[in-house]
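Chain by chain, the residues run as shown.
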Amino acid sequence: MTDSAVLRAEAVEKSYDGLKVLDGASLEVARGQVKVIIGPSGSGKSTFLRCLALLERVDGGTVYLEGERLSGVKERDLAAHRSEVGMVFQRFNLFQNMTALRN
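Section: the layout of surface pockets
Link 1 in the chain: Each pocket or cavity is described by its volume, and for the largest pocket that value is around 580 Å³.
Link 2 in the chain: Every residue lining the largest pocket is counted, 21 residues in all, and those nearest its centre are L7, V29, Q33, V85 and G86.
Link 3 in the chain: Secondary structure elements with two or more residues in the lining of the largest pocket: β1 (5–16), β2 (19–30) and α1 (45–52).
Link 4 in the chain: Tallying contributions element by element places β2 first for the lining of the largest pocket, with three residues.
Link 5 in the chain: Taken together, the residues of the lining of the largest pocket break down into 14 nonpolar, three polar and four charged.

Brief notes about unusual backbone geometry
Link 1 in the chain: In the Ramachandran plot, L54 falls in the positive-phi region, its phi being about 65 degrees despite a non-glycine side chain.
Link 2 in the chain: Mapped onto the elements, L54 comes out in the loop between α1 and β3 (60–65).
Link 3 in the chain: Overall, L54 belongs to the buried group, its relative accessible area being 6%.
Link 4 in the chain: The backbone of E66 sits at a positive phi, close to 55 degrees, despite the residue not being glycine.
Link 5 in the chain: Relative to the elements of secondary structure, E66 occurs in the loop between β3 and β4 (68–69).

Remarks on the sheet that holds β4
Link 1 in the chain: The strand order across the open sheet formed by four strands is β2-β1-β3-β4, and the pairing between neighbours is antiparallel. With partners counted over all chains shown, the strands left at the sheet margins are β2 and β4, one partner each.
Link 2 in the chain: As defined by bridge partners, β3 adjoins β4 across two bridges and the pair is classed as antiparallel. Across the sheet, the residue bridging to Y64 is R69, located in β4.

Topic: the pairing of β3
Looking along a regular strand, one sees side chains alternate from face to face of the sheet.
Link 1 in the chain: In terms of residue burial, β3 counts as a mostly covered element, since five of its six residues are buried.
Link 2 in the chain: Bridging between β1 and β3 involves five bridges; their strand directions are antiparallel. Residue pairing across strands places L7 opposite L65, the latter belonging to β3.
Link 3 in the chain: Two successive antiparallel strands, β3 and β4, enclose a turn made up of two residues, where E66 displays a positive phi of approximately 55 degrees.

Description of the confidence of the model for the protein chain
Link 1 in the chain: Per-residue pLDDT for the protein chain has a mean of 86; in total, 90% of the residues score no lower than 70.
Link 2 in the chain: Looking across the protein chain, the model is least confident in helix α2 (residues 79–82), with a mean pLDDT of 78, and most confident in β2, with 96.

Remarks on the side chain of R8
Link 1 in the chain: With respect to the element layout, R8 can be found in strand β1.
Link 2 in the chain: Judged by its relative accessible area of 10%, R8 is buried.
Link 3 in the chain: One polar contact links R8 to E10, side chain to side chain, over a distance of 2.7 Å.

Rules behind the numbers
- Residues numbered from 1 in each chain as written.
- Predicted model: local features only at pLDDT ≥ 70, side-chain atom pairs only at ≥ 80, totals over all residues.
- Heavy atoms only, no water.
- 1 Å grid on protein atoms, 1.4 Å probe; cavity = no way out; pocket = protein on both sides within 12 Å on 5 of 7 lines; lining within 4 Å.
- Points joined across faces, edges and corners; volume = space filled by probe spheres on them.
- Helix = DSSP H or I, 4+ residues; strand = E, 2+ residues; numbered from the N terminus.
- Nonpolar A, V, L, I, M, F, W, Y, C, P; charged D, E, K, R; others polar.
- Buried < 20%, exposed > 50% of the residue type's maximum accessible area, 1.4 Å probe, protein only.
- Pairing = 2+ DSSP bridges.
- pLDDT = per-residue confidence, 0-100.
- Polar contact = N/O pair within 3.5 Å; in protein donor to acceptor, adjacent residues only side chain to side chain.

Laid out in structure tokens, this is it:
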């Protein structure tokens, strides 16, 4: 992984009630890049995105935003970083008269 990534995840792990959902997931996104995460239902895509958006705490591994490690940062210190990451949820009802970006 390189230091030029805007968003970087290294070996992210996440479990719920003993069920390991993510086991070493890694990703690097440079400024202006678009990435696609695909896989079958229940494979951890949404969980990984929630970890990247800092909506879920990771159990292992690290998440960096603009080179700053955010894994393990106290909850009250994450608000500024969360404002830098956007996410549209799978079942989110979009406004029909707006573009996806404006929504």
